[in-house]
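Tertiary structure, described
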Amino acid sequence: MSQRISIEEILHTYEKNRLANKRILQERKEEIYAKIPRVEELMTEKKLSYLDIAKRRISKDVPEDTCQEQSNTRLLTEEIKGLLLEAGYPEDYLEPIYTCQCCKDTGYVGLEKCGCFMEQIIQSLYLQSNLSNILLKENFDTFSFEYYNKKKTSDREFSPYDNIVKVVEKAKAFVQAFEDEKNNRGNILIYGETGLGKTFLSNCIAKELLDKKHTVLYLSANELFETVLGGYLMQQKKELEELYKYVYNCELLIIDDLGTELNNNFVSSQLFEIINKRELTGRSTLISTNMSMVELRGRYSERIMSRLIANYTIFNIYGDDIRYQKRKKAIHSNYTG
Ligand SMILES: [Zn+2]
């Protein structure tokens, strides 16, 4: 999410939808009027009748025959429908076309933003972050275990391989819990050094949930604290309001790379707010970090740590840097053939 979400751009897509739908309707009218001229007469009559009602409303000259007028337009509508059906068209073929029936392509239902507005914000977020492309490549089907060593070292209970197998199993169980539970779906903290597949694993979970139409917001710690929270709360950027709300309302919030953001009181208090409020409202959070538990404890407040330990399933991923292994492999295959 390198750019800000532009509300104007989203409103512009509504404008485009309205125009496109109007054009389709216009083409339909031309088609029908050519085939069934009587429909054009009826449509004109209907329009005049509406105009008449409107005019009387404005001039507050509300005569007893307004009801009469209204039933007149109803009759005209019925006749049009009949003619359309007779000719093999759907009866609403000449009714206004809306991409979203709820808000009639205005983005608003009364004073509230329509659900489709939120969808557009999320979509533009994903397009900007390129997440949709990444998720095609990084999902449970493409997760590779081959880079995790099967040899156990003395300081660990499990080999990196046995460990990651368990972690992936638990990650899948987490996704499943989203289907089975409305609340109490749980939270995840993934920690381990860089290059061990933490982000890849978060992407797997994100993809699975997005495919099942759950709402997922994926932000790096930097984007979350600096761009969204800092932008909205400190710099008063109104256009970030929806996104700010979404940090609290989405079903899964993924905070990637916690610990890479600037360290200050604002971050610490906001992180607590997020963890705490999302927990209270039964929404899930996934945090990934390169920091060890000891480092986290040193960096964030005790109240944050106690929440994490009490309410998060903790995955520790360890092994040898996958990126380094891949590079080595690439060099090796270059030499051997
Ligand atoms: Zn809508």
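Residues numbered from 1 in each chain as written. Predicted model: local features only at pLDDT ≥ 70, side-chain atom pairs only at ≥ 80, totals over all residues. Heavy atoms only, no water.

Here the domain parsing of the chain yields domain 1 (19-98) and domain 2 (130-326). Put simply, the middle of domain 1 and the middle of domain 2, counted by C-alpha atoms, are 55 Å apart. (Domains from an automatic or database assignment.)

The end-to-end C-alpha distance of helix H8 (residues 221-234), which contains 14 residues, comes to just 17 Å, noticeably less than the 20 Å that a straight helix rising 1.5 Å per residue would cover. Burial in H8 covers these residues: Ala221, Glu223, Leu224, Phe225, Val228, Leu229, Gly230, Gly231 and Tyr232. Its buried side turned inward, H8 meets strand E4 (216-220), helix H9 (241-249), strand E5 (252-258) and helix H10 (265-280). Just downstream of H8 lies Gln236, where phi reads positive at about 55°. (Helix = DSSP H or I, 4+ residues; strand = E, 2+ residues; numbered from the N terminus. Expected span 1.5 Å × (residues − 1). Buried < 20%, exposed > 50% of the residue type's maximum accessible area, 1.4 Å probe, protein only. Contact = heavy atoms within 4.5 Å.)

Let's shift gears to the environment of Tyr232. By the element assignment, Tyr232 lies in helix H8. On a C-alpha basis, the gap between Tyr232 and Arg297 in space is 28 Å, while along the polypeptide they are 65 residues apart. The contacts of Tyr232, once residues within four sequence positions are left out, are Thr227, Lys237, Leu240, Glu241 and Tyr244.

With that settled, consider the coordination of the zinc ion. Note on the zinc ion: its protein donors are Cys100 (SG), Cys103 (SG), Cys114 (SG) and Cys116 (SG). The metal-donor distances range over 2.3 Å. Viewed at the metal, the 4 donor atoms of the zinc ion are separated by angles of 106 to 113°, and the geometry they form is tetrahedral. In primary sequence terms, the donor set of the zinc ion follows C-x2-C-x10-C-x1-C. With Cys103 in the loop between helix H3 (66-86) and strand E1 (108-109) and Cys116 in helix H4 (residues 115-129), this pair connects stretches of sequence that are 13 residues apart. (Donors = N, O, S within 2.8 Å, 3.2 Å for Na, K, Ca; no water. Tetrahedral: all angles 85-135°; square planar, octahedral: opposite > 155°, others 65-115°.)

This brings us to the sheet that holds strand E7 (residues 312-316). An order of E4-E5-E6-E3-E7 is seen for the 5 strands of this open sheet, with the pairing classed as parallel. The sheet is open, and its two borders are formed by E4 and E7, each paired with just one other strand. Each adjacent strand pair in this sheet contributes to an overall mean axis angle of 15°, direction not counted. Against the sheet, helix H7 (residues 198-211) engages strand E3 (187-191), E4, E5, strand E6 (284-289) and E7, with an angle of about 160° to E4. In the packing of H9 onto the sheet, contacts are made with E4 and E5, and the angle to E4 comes to roughly 105°. (Pairing = 2+ DSSP bridges. Axes fitted to C-alpha atoms, helices over the stretch in contact; angles between N-to-C directions.)

Right, let's get into the pattern of salt bridges. Counted by the stated rule, this structure contains 11 salt bridges. Glu41 is the salt-bridge partner of Arg38, the closest N and O atoms lying 3.0 Å from each other. On the criterion of helical spacing, the pair formed by Arg38 and Glu41 is a turn pair, its members being 3 residues apart in helix H2 (residues 37-58). You can call Arg38 partly exposed: its relative accessible area is 34%. Put simply, Glu251 and Arg185 hold a salt bridge, and the shortest N to O gap is 2.8 Å. With Glu251 in the loop between H9 and E5 and Arg185 in the loop between helix H6 (160-180) and E3, the pair connects residues that are 66 residues apart, well separated along the chain. The residues Glu251 and Arg185 share a single accessibility class, namely buried. (Salt bridge = Lys/Arg side-chain N within 4 Å of Asp/Glu carboxyl O.)

Counting buried residues in E5 gives 6 out of 7 residues, a clear majority hidden from the surface. Bridge count for E5 against E6 is 5 bridges, and the pairing is parallel. By the bridge assignment, Leu253 is partnered in E6 with Thr285. As for the winding sense of the linkage, the β-α-β connection from E5 through H10 to E6 is right-handed. (Right-handed = clockwise from strand over helix to strand, strands pointing away.)

So, on to the confidence of the model for the chain. Detailed reading of predicted coordinates is not advised where the pLDDT is low. For the chain, per-residue confidence averages 87 on the pLDDT scale, and residues scoring 70 or more make up 92% of the total. Least confident of the elements in the chain is H4, whose mean pLDDT is 70; most confident is E3, at 97. (pLDDT = per-residue confidence, 0-100.)

A separate point is the nonpolar core. If you look at the biggest cluster of nonpolar residues, it comprises 44 residues, and the most contacted ones within it are Val247 and Leu258. Not counting the four nearest positions on each side in its chain, Leu258 is found in contact with Ala221, Phe225, Leu271, Ile287, Ser288, Thr289, Asn290, Met291, Leu296 and Tyr300. Membership of the second largest hydrophobic core comes to 30 residues, among which are Phe200, Leu201, Leu209 and Ile254. (Core = buried A, V, L, I, M, F, W, Y, C linked by side-chain atoms within 4.5 Å.)

Here we take up H10. Helix length check: H10 (16 residues) gives 22 Å between terminal C-alpha atoms against 22 Å at 1.5 Å per residue, within 8%. Burial in H10 covers these residues: Phe266, Val267, Ser268, Gln270, Leu271, Phe272, Ile274, Ile275, Asn276 and Arg278. Its buried side turned inward, H10 meets H8, H9, E5, E6, helix H12 (302-311) and E7. Taking the backbone nitrogen of Phe266 as reference, a side-chain oxygen 3.2 Å away marks Asn264 as the first, capping residue of H10. Residue Gly282 follows H10 closely and has a positive phi angle near 70°. (Polar contact = N/O pair within 3.5 Å; in protein donor to acceptor, adjacent residues only side chain to side chain.)

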